[in-house]
Amino acid sequence: MDPRSAQPVVDSDIAFVGGGFRTTTFLSSAPALLRHRVRVYERGPGVGPGGFARYGITTTSIGSRFFKHLDLNGPFAPLAHSPELMEVARAEQPVAMRRLAAALSTLGRTLQNALGADGTRLESTVVAVRADSAGHRVDVQLDDGRTESARHAVLATGRTERPHPELASWRANMLLSGSVIATARRSEIKDRLLGAQGRPVVVAGSSHSAMSALQILLDLVTELRAEHPGAPLPSVHVVRRGPARLMHDSADLARRDQVPGRERPFDAVRDVCPATGIVYRDSGLRHQSRALYCALWAGELPGAALVDAAVLADASDLFDEAALVVQALGYHGQAPDLYVDGVLVRPGDSPDRLLADDDGALLVSGAAHPLLSVLRVEPTPLDRRDNTAYASDLYQRLAGRLDRLAAPVAEVNA
Ligand SMILES: Cc1cc2nc3c(=O)[nH]c(=O)nc-3n(C[C@H](O)[C@H](O)[C@H](O)COP(=O)(O)OP(=O)(O)OC[C@H]3O[C@@H](n4cnc5c(N)ncnc54)[C@H](O)[C@@H]3O)c2cc1C
């Protein structure tokens, strides 16, 4: 403790673990926070695009949604003249992910400049975060053995796919959907499709990730057909476990199940697929993915078929036959090992979700922890997917709480 200020002597006021989409858009929504000593730990070479840099697909959300909180004041003011950023920030359509990644890189560079030379730790992987309640400090441990301290840590480490237990029997032939849609793996996937010798490819799941993987697989098969006329090429089977949350059973039920004021109102034109009659909820599939799913469901997608299996094992014959199985069964929040007062409360490989209060405070055993926050690491919980209000004020509330927490004691007491 520093006896003059009654504050712990630490390397930064607020440590952000992960410098991807969330950290970048959050800090650029709250320029006032930058008057505190903020430090961002990022395992990649730059702050900004995070996972979006890897994928050669189109976003689910419209471009403007990604930058809806952007505050073009203070260090971010010059960005109003950046075409790269502003064209995506104004787009009312989904955008190519490489454009989104480029826009986020631009924003990330501005953020890095604003944070100063000591405000970012790039190519620094955090392996553990240790909160010490009595000492009012958090230690951030890096994989090179260094440890740095902060008054508060925000976990913004994004999501990952974990091999699904229901697909354990087919793991030798399995790829995660993120690998299939990754630009860097395109030629490898193409080789595998040619090497399949006509045996099927199976995509497990029917979400946006599944539809993105399906689109890439069909595009690659089309390319192969032109390059190798007459070669046996695979068909793609999409195994869905149920219509579940992607749709309502009928338009009447869609109207009845509305949560007034919190859900986007049902629209019989927009929300009903003209080809199939599927009644979509305000969740899950949108835009290109939704159109692809409609065509697949209607049996109008050449080279692809939809297979229903309440549990994946119901389609085991198909999985056995497949040359390639693509897992597209959702994402899981990733975080380093978390310790509170010397106790490991959540190992990095924990199956538990990282839960947070509405203002982003990490919930440890159900209670909001004063030293740790989480910035939307987990996917939206299933029971909140139709609620457009979900987390809509998180940035504002988290910024307010962090500002108070990081304020010098004299300022707090004033
Ligand atoms: C294919 C795909 C499409 C998607 N499309 C959309 C969409 O259209 N709209 C939408 O809203 N969401 C979409 N998402 C969800 C998307 O993942 C999130 O919205 C967004 O990327 C989350 O931002 P983030 O900052 O949490 O994660 P990321 O942007 O991935 O950032 C996390 C950062 O943390 C770093 N990191 C991780 N662990 C550590 C560590 N231990 N130490 C140091 N650094 C670390 C990573 O390197 C990364 O830069 C999509 C996801 C995928 C996979």
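For the structure, check the block above.
These figures come from a predicted structure and were not determined experimentally. (Residues numbered from 1 in each chain as written. Predicted model: local features only at pLDDT ≥ 70, side-chain atom pairs only at ≥ 80, totals over all residues. Heavy atoms only, no water.)

When you go through the chain residue by residue, the secondary structure sums to twelve helices and 21 strands. Residue pairs in contact within the chain that sit at least 24 positions apart in sequence constitute 72% of those at least 6 positions apart. Within the structure as shown, the chain displays about 19,000 Å² of accessible surface, and the carbon and sulfur contribution to it stands at 51%. (Helix = DSSP H or I, 4+ residues; strand = E, 2+ residues; numbered from the N terminus. Contact = heavy atoms within 4.5 Å. Areas by Shrake-Rupley, 256 points an atom, 1.4 Å probe, with all protein chains shown as cover.)

Tallied over the full model, the rule gives 18 salt bridges. Among the charged side chains, a network of salt bridges with common partners joins Arg39, Asp118, Arg121, Asp144, Arg146 and Glu148. (Salt bridge = Lys/Arg side-chain N within 4 Å of Asp/Glu carboxyl O.)

Now for the environment of leucine 107. One can find leucine 107 in helix 4 (residues 97–115). When the C-alpha atoms of leucine 107 and valine 47 are compared, they prove to be 8.5 Å apart, with 60 residues separating the residues in sequence. If near-sequence neighbours (up to four positions away) are discounted, leucine 107 is found in contact with Thr24, Thr25, Ser28, Phe67, Leu70, Phe76 and Leu79.

Glycine aside, a negative phi is what most residues show, and trans is what most peptide bonds show. You will see that glutamine 197, though not glycine, has its phi angle at about 55°, which is positive. Counting through the fold element by element, glutamine 197 comes out in the loop between helix 6 (186–195) and strand 11 (201–204).

For the rest of this paragraph, the subject is the site of the ligand. Near the ligand you find 28 residues, and of these Arg22, Glu42, Thr60, Ser61 and Val126 are the closest. Within the backbone of threonine 60, one N or O atom sits 2.6 Å away from an oxygen atom of the ligand. Measuring from a nitrogen atom of the ligand, one finds a side-chain N or O atom of serine 61 at 2.7 Å. About the coverage of the ligand: the protein hides 87% of its 980 Å² of free accessible area. Elements supplying a minimum of two residues to the shell around the ligand: helix 1 (21–27) and strand 3 (58–62). In terms of residue count, strand 3 provides more of the shell around the ligand than any other element does, three residues in total. Of the residues assigned to the shell around the ligand, the class counts are eleven nonpolar, 13 polar and four charged. (Near = heavy atom within 4 Å. Polar contact = N/O pair within 3.5 Å; in protein donor to acceptor, adjacent residues only side chain to side chain. Nonpolar A, V, L, I, M, F, W, Y, C, P; charged D, E, K, R; others polar.)

Phe16, Phe26, Leu27, Phe67, Leu214, Leu217 and Leu375 are the most contacted members of the largest nonpolar core, which has 74 residues in total. No other element matches the ten residues that helix 7 (residues 208–227) contributes to this core. For this core, the two domains that each supply at least three residues are domain 1 (12–160 + 332–413) and domain 2 (165–327). Non-local contacts of leucine 27, meaning those with residues more than four positions away in its chain, are made with Phe16, Leu33, Leu34, Val38, Val40, Phe76 and Leu111. (Core = buried A, V, L, I, M, F, W, Y, C linked by side-chain atoms within 4.5 Å. Buried < 20%, exposed > 50% of the residue type's maximum accessible area, 1.4 Å probe, protein only. Domains from an automatic or database assignment.)

On to the environment of valine 140. Of note, valine 140 is situated in strand 7 (residues 137–142). Placed 125 residues apart in sequence, valine 140 and alanine 15 show a C-alpha to C-alpha distance of 8.1 Å. The contact partners of valine 140, leaving out residues within four places of it in the chain, are Ala15, Tyr41, Val126, Ala128, Arg146, Thr147 and Glu148.

Let's shift gears to the sheet that holds strand 16 (residues 324–327). The strand order 10-16-11-12-15 describes an open sheet built from five strands, whose pairing is parallel. Of all strands in the sheet, those bounded by a partner on one side alone are strand 10 (174–176) and strand 15 (304–308). Geometrically, the sheet is characterised by an average inter-axis angle of 25° between neighbouring strands, direction not taken into account. In the sheet, strand 10 pairs with strand 16 via three bridges, with the strands oriented parallel. When the bridges of strand 16 are listed, methionine 174 appears paired with valine 325. (Pairing = 2+ DSSP bridges. Axes fitted to C-alpha atoms, helices over the stretch in contact; angles between N-to-C directions.)

Right, let's talk about the environment of lysine 68 for a bit. Locating lysine 68 in the fold gives a position in the loop between helix 2 (63–66) and helix 3 (83–89). Overall, lysine 68 belongs to the partly exposed group, its relative accessible area being 47%. Here the alpha-carbon distance between lysine 68 and serine 29, two residues 39 residues apart in the chain, equals 8.7 Å.

Before going further, it helps to examine the side chain of glutamate 161. Here glutamate 161 lies in the loop between strand 9 (159–160) and strand 10. In terms of polar contacts, glutamate 161 uses its side chain to reach the side chain of serine 177, at 2.6 Å. At 2.8 Å, the side chain of glutamate 161 forms a polar contact with the backbone nitrogen of glycine 178. Apart from the residues lying within four places of it in its own chain, the contact partners of glutamate 161 are Leu176, Ser177, Gly178, Gln327, Ala328, Gly330 and Tyr331.

Glancing now at the packing of aromatic side chains. Going through the model one piece at a time under the given rule, you end up with six aromatic pairs. Ring geometry for phenylalanine 21 versus phenylalanine 66: centroids 5.7 Å apart, planes at 80°, classification edge-to-face. Taken together, the residues span a long stretch of sequence, with phenylalanine 21 in helix 1 and phenylalanine 66 in helix 2 at a distance of 45 residues. Both residues of the pair, phenylalanine 21 and phenylalanine 66, count as buried. Here a set of aromatic residues connected by ring pairs shows up, and it is made of Phe16, Phe26 and Tyr395. We note arginine 130 situated over the ring of tyrosine 339; from NZ or CZ to the ring centre the distance is 4.2 Å. (Phe/Tyr/Trp six-rings, centres within 6.5 Å; stacked < 30°, edge-to-face > 60°. Lys NZ or Arg CZ within 6 Å of the ring centre and 35° of its normal.)

Once that is clear, we can look at helix 6. Along helix 6, the residues that are buried comprise Ile189, Lys190 and Leu193. Summarising the axial view, the buried residues of helix 6 lie within an arc of 100°, below the 170-degree limit, and thus occupy one face. In helix 6, the exposed residues that point more than 90 degrees away from the buried face are Ser187, Asp191 and Gly195. On its buried side, helix 6 packs onto strand 10, helix 5 (177–181), strand 11 and helix 7. Directly beyond the C-terminal end of helix 6, a positive phi value near 55° is found at glutamine 197. (Arc of directions from axis to C-beta.)

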